[in-house]
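Spelled out from the first residue to the last, the chains are:
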Amino acid sequence: MAVFDEYIEKVSRYVEEMPSRGARVLEFDRPGSPEKLREGLPIEVGPNANPGIILRGDTFLELGNPKAGSCASLLWTDRPSLIRDGRITLVGPDIPESPEASLPFGQILMAGGEGLDQEDHETLQQAQHVADQIEGYMVRSASQSLWSRVSVDAAARGFDFETLGRALMSLVRTGAPAVSAVEVLFVTTSREDVKRLDGIVSGVKEVGRNILKENWKSRGYDLDCDFDCASCKDQEICDDIRDVI
């Protein structure tokens, strides 16, 4: 049993409970290879797909502004049966329904592969960060919170949460070939729902930090890292180590 299995099961129960709380739950099934997942998308996905920042005047929708609330996490398991491959679940309003809105935002990526173990944790964490790889989608901050923007142009071309989900699943499968199943959950209903989801995965950050620390120690480096590079006091050292590796 992988260290995150209990969290994956808790997230599944959270989704099952949401209709009884009055939330709309939409599900899309899009299993396939990274190439299949990108096929027919209204935007480009891959390195340098997003040419620059999305200014406020060019923003169709903002997600996870600190005032609205956000949470984000990546969970993995060596039991792919726990993951519904290709499933994109949306709890709450979709992007086209929310022009000029600032929505709370929860995002949980779940990946499975029979050969996955703690040595793959760092690769999986890196794979989830979109950087400039999704056209029309800009992440302003990441780690345990996720603050992002969707451009007016991308929304006009049909960018929705199915699009975002397929793009993210494609990036994870490309960045971590050992993954055989990937699933994503988005929550946009309310700050309270996102906060409750954050409570469910609150222990993930500490578990992940310990895994990373042990992995780095095995290579001879004593560093604390949670992949929030913007606020990391060891960023310069970490960059030097990566250059050496």
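Conventions we followed
Residues numbered from 1 in each chain as written. Predicted model: local features only at pLDDT ≥ 70, side-chain atom pairs only at ≥ 80, totals over all residues. Heavy atoms only, no water. Helix = DSSP H or I, 4+ residues; strand = E, 2+ residues; numbered from the N terminus. Buried < 20%, exposed > 50% of the residue type's maximum accessible area, 1.4 Å probe, protein only. Contact = heavy atoms within 4.5 Å. Areas by Shrake-Rupley, 256 points an atom, 1.4 Å probe, with all protein chains shown as cover. Pairing = 2+ DSSP bridges. Axes fitted to C-alpha atoms, helices over the stretch in contact; angles between N-to-C directions. Arc of directions from axis to C-beta. Polar contact = N/O pair within 3.5 Å; in protein donor to acceptor, adjacent residues only side chain to side chain. Phe/Tyr/Trp six-rings, centres within 6.5 Å; stacked < 30°, edge-to-face > 60°.

J.: Can you walk me through the overall build of the protein in this structure?
T.: A count of helices and strands for the protein gives eight helices and nine strands. For the protein, with 245 residues in total, the buried portion stands at 51%. Long-range contacts, defined here as pairs at least 24 residues apart, represent 85% of the contacts in the protein between residues at least 6 apart. Accessible surface, the protein as shown: approximately 11300 Å² in total, 48% of it carbon and sulfur.

J.: Would you mind showing me how to read the sheet that holds strand β9 (residues 181-187) here?
T.: Sheet strands line up and pair through hydrogen bonds in the backbone, either parallel or antiparallel. Reading across the sheet, the five strands line up as β1-β4-β9-β6-β3 and stay open at both edges, with mixed pairing between neighbours. Of all the strands in the sheet, the pair left with one neighbour each is β1 (25-29) and β3 (70-77). The sheet shows a mean angle of 10° between the axes of neighbouring strands, taken without regard to direction. Contacts from helix α1 (residues 5-17) reach β1, β3, β4 (87-91), β6 (105-112) and β9, with the element oriented near 125° to β3.

J.: Would you take a moment to explain unusual backbone geometry for this structure?
T.: In most cases, non-glycine residues show a negative phi, while peptide bonds are predominantly trans. With a phi angle near 65°, N48 is a residue other than glycine that sits in the positive phi range. Inspection of the secondary structure puts N48 in the loop between α2 (34-38) and β2 (59-63). For N48, a relative accessible area of 61% gives the class exposed. Notably, A131 is not glycine yet its phi reads approximately 50°, a positive angle. Within the secondary structure, A131 sits in the loop between α3 (121-127) and β7 (137-141).

J.: Is there a simple way to think about the pairing of β9 in this case?
T.: One face of the sheet, then the other: side chains in a regular strand alternate in exactly this way. When you tally the buried positions in β9, you get seven out of seven residues, the bulk of the element. Here β9 shows two buried faces, one formed by A181, E183, L185 and V187 and the other by V182, V184 and F186. Note: β4 against β9, four bridges, orientation parallel. If you follow T89 over to β9, its bridge partner there is L185. Two strands pair when backbone bridges link them, and β6 and β9 are joined in this way by seven bridges, in the antiparallel orientation. Note on β9: the bridge partner recorded for L109 is V184.

J.: It is not clear to me how the environment of G106 should be interpreted in this structure. Could you clarify?
T.: When you line up the elements, G106 lands in strand β6. The spacing of G106 and L146 is 40 residues in sequence and 7.7 Å in space, taken between C-alpha atoms.

J.: Would you mind going over helix α6 (residues 191-200) with me for this structure?
T.: Taken residue by residue, α6 has D193, V194, L197 and I200 as its buried positions. Along α6, the residues classed as buried sweep out an arc of 110° about the axis, all on the same side. Those residues of α6 that are exposed and aimed more than 90 degrees away from the buried face are E192 and K195. Lining the buried residues of α6 we find α1, β3, β6 and β9.

J.: Can you walk me through the side chain of T163 in this structure?
T.: For T163, the position within the fold is in helix α5 (residues 161-175). Looking at T163, the relative accessible area reads 5%, which means it is buried.

J.: Would you mind going over the side chain of T77 with me for this structure?
T.: Inspection of the secondary structure assignment puts T77 in strand β3. Among the polar contacts listed, one links the side chain of T77 to the side chain of D5, at a separation of 2.6 Å. Not counting the four nearest positions on each side in its chain, T77 is found in contact with A2, D5, I8, L82, I83, A111, G112, G113 and L116.

J.: Could you clarify how one ought to interpret the packing of aromatic side chains in this entry?
T.: Where two aromatic rings form a pair, the distance of their centres and the angle of their planes describe that pair. Evaluation of the coordinates by the stated rule reveals six aromatic pairs. By the ring-pair criterion, three or more aromatic residues cluster together here, those being F4, Y7 and W76.

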